[in-house]
Amino acid sequence: MKDRIKNMSDDIARTRMMLVIAVMVMFVIVYWGYIFGGRYLLFKDAGMDTICQFYPMYIHVIDSIKEGTLSLWNFEWGLGCDTLTRQEWIMDPCAWVIIGTGVVFGVETVKNMLLVMQFVKIMACALICFEFLKYYGASVRARFIASCLFAFNGWIMLWGQHYYFGMACVYLILLLLLVEKLIAAYQEQRAMKRYYLAVGITVALIFIYSVYFGYMIAIFTSVYTILRMIYVDGVKTLWHRLWPVIVTVVLGMLCAACMIVPYADIVLNVSTRVEGSLWHRLSQYLSLTYGMNYYKVLAGRIISDNTFGILGIDQKYYEFPQLSFSVLGAIVLPQAVWYGIIKDRNNVERRKWILRIVMLILMVAAVTVPMVGAIFNIGCESLVEGIPAMRFTYVLMPLMAVIYALFIDRCVERNDINRWLASAGVLFVILINYYAFRHYRLQYKWINIAIIVLNIAVIGIHYTTGKVRIMLGLLIAGACFEGYVTNNVRYTYDRTTECINSTDFHGRDTTHILEYLKEHDDSFYRVEKTYHDFSATGDSLLQNYAPVSMYCSTMSGSLKTFYEKMYPTEEYRYIKHDLDGALYDDAFAITNTKYILSWTKLDWDYLEEIYEYDGTHVYRNLHAGSIASLYYDGKEADRTSHFVRKTDACVEGSVDAKEDGTLMLAIPYRKGWNVYVDGVRQQIREYDYAFIATDIEAGQHTVVAKYENRLYVIGALLSLAGVVMFAGWVVKLC
């Protein structure tokens, strides 16, 4: 018996090592152009958020750490915002490695570390999934294949490179693995304390990483845990098994309150991602219906994220559901349903059979019924171009891994393929690709042809030889093909792109000009350019100057109103550096955009050229004078006050008010900003669309504005209490 157990252990260890090697080989194939071709995970197409937001933010954080200026508020990102606005950018453990490497070895390492961290996430997904599938009774071979497919699933291939969101998949599969270990330990009456400890810590890390993804993971894991416990042991002992898990999860979330509390305020009270009341958003979803085009695209996504073209589908390439697990999905999924639901009906307990149907219905409903999809979005964001954001579809990926593993064991290993279903699947692939040929302008038709060929090859081999094990290799090949297409048939920056290989990111002597302005003007002012050196909306982060332009889909409703009023012809979320400033005189005046940089001569009537360096002209805005504006009887009268930026979270200056009036500072209105006049804290209010203001009495005053968001303090105290309570809970479980 001992020898048998040892042999099984050795077999699993060998398979695990083979899995590592297989994932490495697949990674080389999928990212060949990045490893050997000099490409970077920085995109010029619909994935341009990488270059407009993420990459500049990483560089900015690295520079801020080196200079000791890292703050909770950031004036280099548009008019200013809370650094936590993009929690996932800076709280991702892989981002910590990227930033840390940049601090130690220089910012030029960041573009390469993006690929290294993508590999780390993919490998972590594969290894954790391999352990997870053990609890479904899958064979070692099935676990091996399904884990490879999970590591390169469509969601990781898309969102892993677009917003570097791959960590969401890692945390999800890790939490599900721990849930399975808890269920197994309860069945076997083993000690469970370490698993409760691991669950609590993992939940805390998930919410510290992202409240946005944490919410989705919590919703899915709750349903999964309940159904899985009923599946394994029935309903009678459900509450006895479930309540300790609930307590553990709640305490884990409490440990992460330092992030949850301030982020919740941003989402619920600031961000335009979640507009209107909860009832308003609920009514939106209740009245929503998907159009037929959505379901056609959804059908294509079962096969490939690229069925309707790279970056196609009206530029909703990322926001539509990511369901691709293999280009053979149209063959695999019907077979798995047939075997698990129809053929197994009399072979499993009625309870388990019903739960399989329930889980299948929930999976389908998540992407076909608006209200079900809304559950994952209603606390996170509003509709995206008329449909719920489908970023939550990564929660379906572990279940897809289970389905594929069971398909391999039940259908492939037993050579039990239903030929009628397989033929129908291939016909479906042909028809959906034919539809894509007829109705979409496909730039790369060879992708669709290759998908059809792979599917025909499977059924052809089965018909001619009667064997289907070759399908295991084709499953892997299909995943590699899908990953390669998604990542390589794209427009990216590479080693030949001069700006991406610069270590200062300033180009055309912008550095010299910004230093010149600092030397000659110590006040707090903003700068705009009629060009961009590196990124259409991220230059300010890379070059460390305060702009008006920005790309941010989570800005406050007040700023949204400001941008819509001041930039009526532009998309409020995407105000580029190089827009025609002649149209936006009022916006520049209100925000104290004092200097305009241009590569060409400008004849705007409110500008005066003050400097020129190597072909770059510097203009002074004659209508801008100060970050502070004094209003008397509701009319603006004075912009001459002198204010300086002490830090990103502190602005101070002096004001000489001729009479009682209103002092407005061109700082976005946000809870957390406090204004002190002569050392006395004042009541602030929103003014002039989007900015902070307070009453001011006649006379000379010293004014200090500080960002002192007490929610961070409250969150930290709650986290401390959570850690103490969680420690006590774990001790109690002993």
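Each remark here, short or long, concerns the structure printed above.
The notes below deal with the structure included here. Owing to the predicted nature of the structure, the values given are computational and were not obtained by experimental measurement.

Rules of the game
Residues numbered from 1 in each chain as written. Predicted model: local features only at pLDDT ≥ 70, side-chain atom pairs only at ≥ 80, totals over all residues. Heavy atoms only, no water. Helix = DSSP H or I, 4+ residues; strand = E, 2+ residues; numbered from the N terminus. Buried < 20%, exposed > 50% of the residue type's maximum accessible area, 1.4 Å probe, protein only. Contact = heavy atoms within 4.5 Å. Areas by Shrake-Rupley, 256 points an atom, 1.4 Å probe, with all protein chains shown as cover. Polar contact = N/O pair within 3.5 Å; in protein donor to acceptor, adjacent residues only side chain to side chain. Expected span 1.5 Å × (residues − 1). Pairing = 2+ DSSP bridges. Axes fitted to C-alpha atoms, helices over the stretch in contact; angles between N-to-C directions. Salt bridge = Lys/Arg side-chain N within 4 Å of Asp/Glu carboxyl O. Parallel < 35°, antiparallel > 145°, perpendicular 65-115°, else oblique. Left-handed = near helix turned anticlockwise from the far one by under 90°. Nonpolar A, V, L, I, M, F, W, Y, C, P; charged D, E, K, R; others polar. Phe/Tyr/Trp six-rings, centres within 6.5 Å; stacked < 30°, edge-to-face > 60°. Lys NZ or Arg CZ within 6 Å of the ring centre and 35° of its normal. Patch = residues over 30% accessible without salt bridge, like charges linked within 9 Å, V, L, I, M, F, W, Y side chains within 5 Å. Lys, Arg positive; Asp, Glu negative; His and termini not counted. Charge placed at Lys NZ, Arg CZ, Asp CG, Glu CD.

A word on the overall build of the chain
Assigned secondary structure in the chain consists of 27 helices and 20 strands. Each of the 734 residues in the chain was classed as buried or not, and the buried ones make up 60%. Sequence-distant contacts, at least 24 apart, represent 74% of the contacts inside the chain between residues at least 6 apart. Element-wise, carbon and sulfur atoms account for 61% of the exposed surface of the chain, whose accessible area totals about 29600 Å².

Overview of the side chain of Arg 228
Tracing the backbone through its elements, the reader meets Arg 228 in helix α11 (residues 211-233). On the basis of relative accessible area, Arg 228 is assigned to the buried category, the value being 8%. Polar side-chain contacts of Arg 228 include one of 3.4 Å to the side chain of Tyr 136. Each residue touching Arg 228, except ones within four places of it in the same chain, is listed here: Tyr 135, Tyr 136, Glu 180 and Ile 183.

Some thoughts on the environment of Gln 118
With respect to the helices, strands and loops of the structure, Gln 118 is situated in helix α6 (residues 110-132). You can call Gln 118 buried: its relative accessible area is 3%. For the pair Gln 118 and Met 167, spaced 49 residues apart in sequence, the C-alpha separation works out to 9.0 Å. Residues within four places of Gln 118 in sequence aside, it is in contact with Phe 27, Tyr 31, Leu 41, Ile 156, Met 157, Gly 160 and Gln 161.

A short note on the side chain of Thr 15
Structurally, Thr 15 can be placed in helix α1 (residues 2-30). Since its relative accessible area comes to 9%, Thr 15 is described here as buried. Discounting chain neighbours no more than four positions away, the residues touching Thr 15 are Phe 130, Val 140 and Phe 144.

With respect to helix α12 (residues 238-255)
Note that an α-helix has 3.6 residues per turn; residues three or four places apart therefore point the same way. Spanning 18 residues, α12 covers 26 Å between terminal C-alpha atoms, matching the ideal 26 Å at 1.5 Å per step. Within α12, burial applies to Leu 238, Arg 241, Leu 242, Pro 244, Val 245, Thr 248, Leu 251, Gly 252 and Cys 255.

Things to note about the sheet that holds strand β12 (residues 635-638)
Strand order in the open sheet formed by five strands is β12-β11-β15-β19-β18, with antiparallel pairing between adjacent strands. Whereas interior strands pair on both sides, the edge strands pair on one side only; in this sheet they are β12 and β18 (685-687). Taken pair by pair, the neighbouring strands of this sheet meet at an average axis angle of 45°, ignoring direction. Bridge count between β18 and strand β19 (residues 691-696): three bridges; the pairing is antiparallel. Considered in β19, the bridge of Tyr 687 is made with Phe 691.

Concerning the pattern of salt bridges
Side chains that carry opposite charge are capable of pairing whenever their charged atoms lie near each other. Going through the model one piece at a time under the given rule, you end up with 20 salt bridges. As a salt-bridge pair, Arg 16 and Glu 131 come within 2.6 Å of each other at their nearest N and O atoms. Separated by 115 residues along the polypeptide, Arg 16 in helix α1 and Glu 131 in helix α6 bring together distant segments of the chain. For Lys 529, the salt bridge is made with Asp 539, and the minimal N-O distance between the two is 2.8 Å. Of the two residues, Lys 529 sits in strand β5 (residues 526-529) while Asp 539 sits in helix α24 (residues 539-543), which places them ten residues apart along the sequence. Taken as a pair, Lys 529 and Asp 539 share a single burial class, namely buried. Among the charged side chains, a network of salt bridges with common partners joins Glu 76, Arg 645 and Asp 648.

Thoughts on the packing of α6 against helix α7 (residues 140-151)
It is the contact of α6 with α7, at a shortest axis distance of 8 Å, that shows an interaxial angle of 150°. With respect to each other, α6 and α7 are oriented roughly antiparallel. Helix-helix and strand crossings are classified by hand; for α6 and α7 the assignment is right-handed. Packed against α6, whose contacting residues are Ile 122, Cys 125, Ala 126, Cys 129, Phe 130 and Glu 131, the element α7 presents Val 140, Arg 143, Phe 144, Ser 147, Phe 150 and Ala 151 at the interface. Tallied by class, residues from the contact of α6 with α7 come to nine nonpolar, one polar and two charged.

Looking at the pairing of β19
Within β19, five of the six residues are buried, leaving the element largely enclosed by the surrounding structure. Connecting β18 to the next strand, β19, in antiparallel fashion are three residues, including Asp 688 with a positive phi near 55°.

A few points about unusual backbone geometry
Unlike most non-glycine residues, Asn 592 shows phi in positive territory, near 60°. By the element assignment, Asn 592 lies in the loop between α26 (585-590) and β8 (593-598). The exposure class assigned to Asn 592 is buried, which follows from its relative accessible area of 0%.

With respect to the packing of aromatic side chains
Overall, the coordinates contain 43 aromatic pairs when judged by the stated rule. Aromatic pair Trp 155 and Phe 213: ring centres 6.1 Å apart, planes at 80°, arrangement edge-to-face. A residue pair is termed long-range when its members are at least 10 positions apart, and Trp 155 in helix α8 (residues 154-162) and Phe 213 in helix α11 qualify at 58 residues. You can call Trp 155 buried: its relative accessible area is 0%. Classification of Phe 213 as buried rests on a relative accessible area of 0%. Aromatic rings pair up to connect Phe 54, Trp 77, Trp 89, Trp 155, Trp 159, Phe 165, Tyr 171, Tyr 209, Tyr 212, Phe 213 and Tyr 394 into one cluster. Of note, Arg 39 hangs over the ring of Tyr 34, and the distance from its end group to the ring centre comes to 5.4 Å. The ring of Tyr 40 carries the charged tip of Lys 111 above its face, separated from the ring centre by 5.8 Å.

Regarding the sheet that holds strand β10 (residues 616-621)
Strand order across the open sheet formed by four strands is β5-β8-β10-β9, with mixed pairing between neighbours. Edge positions in the open sheet fall to β5 and β9 (607-613), since each of these has one partner strand only. Neighbour to neighbour, the strand axes of the sheet diverge by 25° on average, direction disregarded. The pairing of β5 with β8 spans four bridges and is parallel. For Arg 526, the partnering residue across the bridge sits in β8 and is Thr 593. Along the sheet face, helix α23 (residues 510-520) touches β5, β8, β9 and β10 and points at about 120° away from the line of β9.

Considerations on the pairing of β8
Of all six residues making up β8, six are buried, and the element is well covered by its neighbours. Where β8 lies against β10, four bridges are found, and the strand directions are antiparallel. By the bridge assignment for β10, Tyr 595 is matched with Arg 620.

Some details on a negative patch on the surface
Taken together, Asp 633, Glu 659, Asp 660 and Glu 697 make up a surface patch of like negative charges. In this structure, Glu 659 sits in the loop between β14 (650-657) and β15 (661-668).

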